[in-house]
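One-letter residues, chain by chain:
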Amino acid sequence: MMTRMFLPTFLILSFVSLTRADNTQTNIVFIVADDLGWNDVSWTNPDIISPNLERMARAGIILNQSYVMPVCSPSRSCFMSGRFPYHTGMQYGVINSKQPYGLPLNLTTLPSLLKDAGYATHIVGKWHQGFCSWAYTPTYRGFDSFYGYYNAAEDYYQHSIPLEPLPHTTVGTDFRDDKLPVKNENGSYSTYLYTERVERIIRQHNTSQPLFLYLPYQSVHEPLEVPKKYEEMYANIKDDNRRIFSGMVTSMDDSVGYVMAALEDRGMMDSTLVIFTSDNGGQYRRGGNNFPLRGNKGTLWEGGTRIPAFVYGNLLKKSRFTYTGMMHAVDWYPTIVEVAKAKLPDYDIDGTSLWQALNANQSSPRNSFVYNLNVKGRDKAQAGIRVGDWKLLVGDPGPAANDNGWYPPPAVTEHKPFDPEGEAYEENEIRIMTDMMDEHMKVSSVRRESRPKKIPKYQLYNIRDDPTEHHDLSQQFTVVLAQMIAFYEKLAETETEAMDPPEVEGSDPKYWGGMWSPGWC
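This one's a predicted model, so the numbers in the text were calculated from it and none came from an experiment. (Residues numbered from 1 in each chain as written. Predicted model: local features only at pLDDT ≥ 70, side-chain atom pairs only at ≥ 80, totals over all residues. Heavy atoms only, no water.)

Description of the overall build of the protein
Move 1: Counting its secondary structure elements, the protein contains 11 helices and 16 strands.
Move 2: By sequence separation, contacts in the protein at least 24 residues apart represent 77% of the contacts at least 6 residues apart.
Move 3: If you sum the accessible surface of the protein, you get close to 19,900 Å²; carbon and sulfur atoms cover 51% of it. (Helix = DSSP H or I, 4+ residues; strand = E, 2+ residues; numbered from the N terminus. Contact = heavy atoms within 4.5 Å. Areas by Shrake-Rupley, 256 points an atom, 1.4 Å probe, with all protein chains shown as cover.)

Laid out in structure tokens, this is it:
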């Protein structure tokens, strides 16, 4: 159990621009926050205290059009495979605890490619890519070590989850150190445990070998739990969910500060690239927030798919700017492979490396992507595609009736903007919200539950002019609509049927010593 205090939340992270030899391999730290919304970081919302992340974002490159999938398993499959979920069968939703499937075993994962290129590979945190057999688990998919949990969510202190669906009757622990069950950490907050493990990995790392550290935090996914000292930092927020959630963000921010400090102590930061992203939009019913973007986690609206992200490190040839080019979760796979000087698999992927474009602040090589495409074997088609500035929605973009509006964060009693020690930034300082501070923002100033009685089959939006998705243009731009539908139908021909197998009773932890364990599929 962690007894020492974390570094203060005002930990200062330096950014020193150094020249590195071209023949060296780069350490890569890939950080994934869980359910962190567009409005849940301090560079978009000054009521949030995340100074470590903000300093890194400001010193690096903020990704202003970075997209992921609406929920976590599909997004993580993109990170690991470089393929859109509708091409791998992962497009339907998350992998439930008792479902016998995972990321298809015929796909070569990102850590496998990096391991072949000489990297030490470690994962600390959430997997959620299947565990019904050992073959689906992290140490069989390219990671040298695994410290974390297999499923979607669990208690932060007890490290257990109940059976699905509700009501819960049986509880199983989901915590592993490689393959071994961890049963002696009840009462220890997971963010503390993960930070300690990452620090150990960094201390023990042989620096003659490049490091790939995948750090998919449990934070800030429900259940809403955080040490009291973090919640007390937000006494000005009266809404319980938002106050606890905000404390969880700051706890995660402290952890990131500790990880960066550990890299500095080992002299590794000068050769390390840090990537930070969320896996989907925030869940406003559980304290998250995507305002002024429309929609919620689990929807194809921008609020469910457009997330805070940045890259940071001395390898960047240009920095301290906001990149406005389009990027999707599938692009991290080839981008990281290029940075690592590794080799792509011998089959086609959907991702495109943005490394050269990011380094030169040039136009993105990506001009289109799929928000999701789930048609085969389903009663109702649901899809979303983007081509340039145009976005086509097919069917119901948000399965829950009250997930389709605009949700301002709960009010605070006083405004406490983050002041970075009065530090001056270049004129090209972050303007992350510039394209949204217009009439759309004014329209969104009141909580709205926009839900038509009959959802149109097709909706068309111009995301450049209308990033908050207030104006369906399908009736005005019929030619564009027809072109987008034709493109969507062509993409739908390549869809792999979604995996959604029935639950297996043999997965119940009562058969596995109280643990969620592989071996039942």
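Brief notes about helix H11 (residues 478-492)
Move 1: For H11, built from 15 residues, the straight-helix expectation of 21 Å at 1.5 Å per residue is met to within 8% by its first-to-last C-alpha distance of 21 Å.
Move 2: In this fold, the buried residues of H11 make contact with strand S13 (368-374), strand S14 (382-387), strand S15 (390-394) and strand S16 (458-462). (Expected span 1.5 Å × (residues − 1).)

Section: the nonpolar core
Note that soluble globular proteins tend to have their nonpolar side chains buried in a common cluster.
Move 1: The biggest cluster of nonpolar side chains holds 79 residues, and the ones touching the most others in it are Phe30, Phe79, Phe212, Tyr214 and Trp332.
Move 2: Setting aside residues up to four positions removed in sequence, Phe212 forms contacts with Ile28, Phe30, Leu110, Pro111, Leu114, Tyr119, Ala120, Thr121, His122 and Phe143.
Move 3: Counting residues in hydrophobic clusters, the runner-up holds 51 residues, among them Ile62, Leu193, Val220 and Ile237. (Core = buried A, V, L, I, M, F, W, Y, C linked by side-chain atoms within 4.5 Å. Buried < 20%, exposed > 50% of the residue type's maximum accessible area, 1.4 Å probe, protein only.)

Quick look at the environment of Pro408
Move 1: Tracing the chain through its elements places Pro408 in the loop between S15 and helix H10 (439-443).
Move 2: The class for Pro408 is partly exposed, based on a relative accessible area of 23%.

Re the sheet that holds strand S11 (residues 309-313)
Move 1: With mixed pairing, the 10 strands of this open sheet are ordered in space as S8-S7-S4-S3-S9-S1-S10-S11-S2-S12. The sheet is open, and its two edges are formed by strand S8 (180-181) and strand S12 (321-328), each paired on a single side.
Move 2: Sheet analysis places strand S1 (residues 27-33) next to strand S9 (residues 211-216), joined by 5 bridges and oriented parallel. By the bridge assignment, Val29 is partnered in S9 with Leu213. (Pairing = 2+ DSSP bridges.)

Some remarks on helix H2 (residues 72-81)
Move 1: Most of H2 sits out of view: 10 of its 10 residues are buried.
Move 2: The set of residues buried in H2 consists of Cys72, Ser73, Pro74, Ser75, Arg76, Ser77, Cys78, Phe79, Met80 and Ser81.
Move 3: Immediately downstream of H2, the backbone of Gly82 shows phi near 75 degrees, a positive value.

Things to note about the pattern of salt bridges
Oppositely charged side chains can form a pair if their charged atoms are brought close together.
Move 1: By the definition in use, this model includes 21 salt bridges.
Move 2: Between Asp34 and Lys126 there is a salt bridge, and its shortest N-O distance comes to 2.6 Å. Placement of the pair is Asp34 in the loop between S1 and helix H1 (51-59) and Lys126 in strand S3 (residues 120-126), with a sequence separation of 92 residues. With respect to class, Asp34 is no different from Lys126; both count as buried.
Move 3: In this structure, Glu302 and Arg306 form a salt bridge, with 3.9 Å as the shortest nitrogen-oxygen distance.
Move 4: Among the residues examined, Glu302 registers a relative accessible area of 0% and is labelled buried.
Move 5: Connected through shared salt-bridge partners, Asp34, Arg76, Lys126 and Asp279 make up one network. (Salt bridge = Lys/Arg side-chain N within 4 Å of Asp/Glu carboxyl O.)

Considerations on the sheet that holds S16
Strand-to-strand pairing in sheets goes through backbone hydrogen bonds, with the strands running parallel or antiparallel.
Move 1: The sheet built from 4 strands is open, its strands ordered S13-S14-S15-S16 with antiparallel pairing. Sheet topology places S13 and S16 at the edges, where each strand pairs with a single neighbour. Across the sheet, the mean angle separating the axes of adjacent strands is 10 degrees when strand polarity is ignored.
Move 2: Of the strand pairs in this sheet, S14 and S15 are connected by 5 bridges, and their pairing is antiparallel. Directly across from Ala383, in S15, lies its bridge partner Val394.
Move 3: The sheet contacts of H11 involve S13, S14, S15 and S16, and relative to S15 the element is tilted by about 60 degrees. (Axes fitted to C-alpha atoms, helices over the stretch in contact; angles between N-to-C directions.)

Things to note about unusual backbone geometry
Move 1: The linkage connecting Ser219 with the following residue, Val220, adopts the cis geometry, with an omega of 10 degrees.
Move 2: The amide bond that connects Glu222 to the next residue, Pro223, takes the cis arrangement and shows omega of 5 degrees.
Move 3: Here Pro223 shows up in the loop between S9 and helix H5 (228-231).
Move 4: Residue His159 is not a glycine yet carries a positive backbone phi of 60 degrees.
Move 5: Taking the relative accessible area as the measure of exposure, His159 reaches 1% and is therefore buried.
Move 6: You will see that Lys341, though not glycine, has its phi angle at about 60 degrees, which is positive.
Move 7: Take Lys341: it is sitting in the loop between helix H8 (332-340) and helix H9 (355-360).

A look at the pairing of S11
Move 1: Counting buried positions along S11 yields 5 of 5 residues, so the element is predominantly enclosed.
Move 2: Here S11 shows two buried faces, one formed by Ala309, Val311 and Gly313 and the other by Phe310 and Tyr312.
Move 3: As paired elements, strand S2 (residues 61-67) and S11 share 2 bridges and run antiparallel to each other. Each bridged residue has a counterpart across the sheet, and for Ile61 the counterpart in S11 is Val311.

What to know about the state of the cysteines
Move 1: Tallied over the full model, the rule gives 1 disulfide.
Move 2: The side chain of Cys132 participates in a disulfide bridge whose partner is Cys521; the two sulfur atoms lie 2.0 Å from each other. Between Cys132 and Cys521 the sulfur-sulfur dihedral comes to about 65 degrees; the bridge is accordingly right-handed. Pair noted here: Cys132 is in the loop between S3 and strand S4 (145-149) and Cys521 is in the segment after H11, with a separation of 389 residues, a long-range link. (Disulfide = S-S within 2.5 Å.)

Regarding the side chain of Gln283
Move 1: The residue Gln283 is located in the loop between strand S10 (272-278) and helix H7 (302-305) in this model.
Move 2: A residue is classified by how much of its surface remains accessible, and Gln283, at 16% relative accessible area, is buried.
Move 3: Setting aside its immediate chain neighbours within four residues, Gln283 contacts Asp35, Gly288, Asn296 and Lys297.

Describing the pairing of S13
Move 1: In terms of burial, S13 is largely enclosed, as 6 of its 7 residues are buried.
Move 2: In terms of strand pairing, S13 meets S14 through 6 bridges, oriented antiparallel. Bridged to Asn372 within S14 is Gly384.

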